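Chain by chain, the residues run as shown.
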Amino acid sequence: MTEHAMTEKEERLAREREEIAARIANFKATQQKFERERQEYYANTLGNAWQGYQQTPVETD
């Protein structure tokens, strides 16, 4: 009976480890997504700023 109980405990611990690993993987994927979005936002924002900077200035008299 004790051997069987240890097996159930080991199975429970294995399931918990799998759940933790899945949560970590999900967290990492979310962080990578945020990083890509930040980089894209930065590239677009900086690109728009440079585009406005490089346009020929309007002459005023």
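I will try to describe carefully the structure that is included in this document. (Residues numbered from 1 in each chain as written. Predicted model: local features only at pLDDT ≥ 70, side-chain atom pairs only at ≥ 80, totals over all residues. Heavy atoms only, no water.)

**Some remarks on the overall build of the chain**
Scanning the chain from N- to C-terminus turns up 1 helix and 0 strands. Residues classed as buried in the chain amount to 0% of the 61 residues present. When the accessible area of the chain is evaluated, it comes to approximately 6,300 Å², of which 55% is carbon and sulfur surface. (Helix = DSSP H or I, 4+ residues; strand = E, 2+ residues; numbered from the N terminus. Buried < 20%, exposed > 50% of the residue type's maximum accessible area, 1.4 Å probe, protein only. Areas by Shrake-Rupley, 256 points an atom, 1.4 Å probe, with all protein chains shown as cover.)

**So, a nonpolar patch on the surface**
There is a patch of nonpolar side chains on the surface, built from Y42, L46, W50 and Y53 and spanning about 500 Å² of accessible area. Positionally, L46 belongs in helix α1 (residues 2-54). For L46, a relative accessible area of 33% puts it in the partly exposed group. (Patch = residues over 30% accessible without salt bridge, like charges linked within 9 Å, V, L, I, M, F, W, Y side chains within 5 Å. Salt bridge = Lys/Arg side-chain N within 4 Å of Asp/Glu carboxyl O.)

**Side note on the pattern of salt bridges**
A complete count under the given rule lists 4 salt bridges for this structure. With its nearest N and O atoms 3.1 Å apart, the salt bridge here joins E16 to R12. Of this pair, E16 and R12 both sit in helix α1, 4 residues apart, which is roughly one turn of that helix. The partner of E35 in a salt bridge is R38, with the nearest N and O atoms 2.7 Å apart. Remark: R38 and E35 occur in helix α1; sequence separation between them is 3 residues, near one turn of the helix. The class of E35 is partly exposed, set by a relative accessible area of 35%.

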